[in-house]
Amino acid sequence: VQLQASGGGLVRAGDSLRLSCAVSERTGSSYTVAWFRRGPGKEREFVGAAFRWSSATYYADSVKGRFTISRDNTKNTVYLQMNSLKPEDTAVYYCAGSQTMILSNLRNVAAYAHWGQGTQVTVSS
């Protein structure tokens with residue numbers, strides 16, 4: 001399974017941006033897709049996830065209420081809609097996938113077997 005993230009760019013604080021994560025093949029209903037990010041000088045951190053292609057989504061507290069994950073099953077694509085962007089959202093954003101995810105591991109970087117290449121999001125103040 002291959003994942004490809006796209007949609008990053010340079011925006012101003014308060015703007016919106018939508019990232020896409022294209023999954024290369026149909027993975028079945030058990031596949032979880034998550035978004036992580038790595039800001040300058042920081043560790044990779046969990047942003048949010050669509051658990052097992054279900055309607056259940058989970059978010060980091062830092063983005064809750066501003067970011068929304070959605071899926072288009074016909075296109076095997078997961079989106080990350082980012083609103084009210086802040087300079088501290090500046091990071092490389094990665095999508096990740098797992099066929100065997102359990103809820104307690106959702107925020108664990110090491111639990112994901114498949115990773116996209118990352119897309120840069122820069123938010124200016």
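Structure: see above.
Residues numbered from 1 in each chain as written. Predicted model: local features only at pLDDT ≥ 70, side-chain atom pairs only at ≥ 80, totals over all residues. Heavy atoms only, no water.

Can you walk me through the nonpolar core in this structure?
Side chains of nonpolar character tend, in soluble globular proteins, to be buried together. Grouped together as the largest cluster of nonpolar side chains are 35 residues, with contacts concentrated most on Leu19, Trp35, Phe67, Leu80, Met82, Tyr93 and Tyr112. Discounting residues that sit within four places of it in the chain, Tyr93 has contacts with Ala5, Leu19, Trp35, Phe36, Arg37, Val47, Phe67, Leu80, Met82, Gly118, Thr119 and Val121. (Core = buried A, V, L, I, M, F, W, Y, C linked by side-chain atoms within 4.5 Å. Buried < 20%, exposed > 50% of the residue type's maximum accessible area, 1.4 Å probe, protein only. Contact = heavy atoms within 4.5 Å.)

I'm lost on the packing of aromatic side chains in this one. Help?
For any two aromatic rings, the description comes down to two numbers: the centre-to-centre distance and the angle of the planes. In total, this model carries six aromatic pairs according to the counting rule given. On the basis of an interplanar angle of 75 degrees and a centroid distance of 5.7 Å, the ring pair of Phe36 and Phe46 is categorised as edge-to-face. Taken as a pair, Phe36 in strand β4 (residues 32-38) and Phe46 in strand β5 (residues 44-50) lie far apart in primary sequence, 10 residues in all. What makes Phe46 buried here is its relative accessible area of 8%. Both rings, one in Phe51 and one in Tyr58, keep their centres 6.4 Å apart while their planes meet at 90 degrees; by these two values the pair is edge-to-face. With relative accessibility at 26%, the residue Tyr58 sits in the partly exposed group. Among the aromatic residues, ring-to-ring pairing joins Phe36, Phe46, Tyr94, Tyr112 and Trp115 into one connected group. One cation-aromatic arrangement involves Arg18 over Tyr79; the distance from NZ or CZ to the ring centre is 4.1 Å. (Phe/Tyr/Trp six-rings, centres within 6.5 Å; stacked < 30°, edge-to-face > 60°. Helix = DSSP H or I, 4+ residues; strand = E, 2+ residues; numbered from the N terminus. Lys NZ or Arg CZ within 6 Å of the ring centre and 35° of its normal.)

For this particular structure, what's the right way to read the environment of Gln81?
As for its placement among the helices and strands, Gln81 is situated in strand β8 (residues 77-82). Through-space distance from the C-alpha of Gln81 to that of Ser20 is 8.7 Å; in sequence the pair is 61 residues apart. Leave out the neighbours within four places in its chain, and Gln81 touches Ser16, Leu17, Arg18, Arg66, Phe67 and Thr68. Here the side chain of Gln81 touches Asn83 through a polar contact of 2.9 Å, side chain to side chain. (Polar contact = N/O pair within 3.5 Å; in protein donor to acceptor, adjacent residues only side chain to side chain.)

From the geometry alone we can't say anything about function, so treat these as descriptive.
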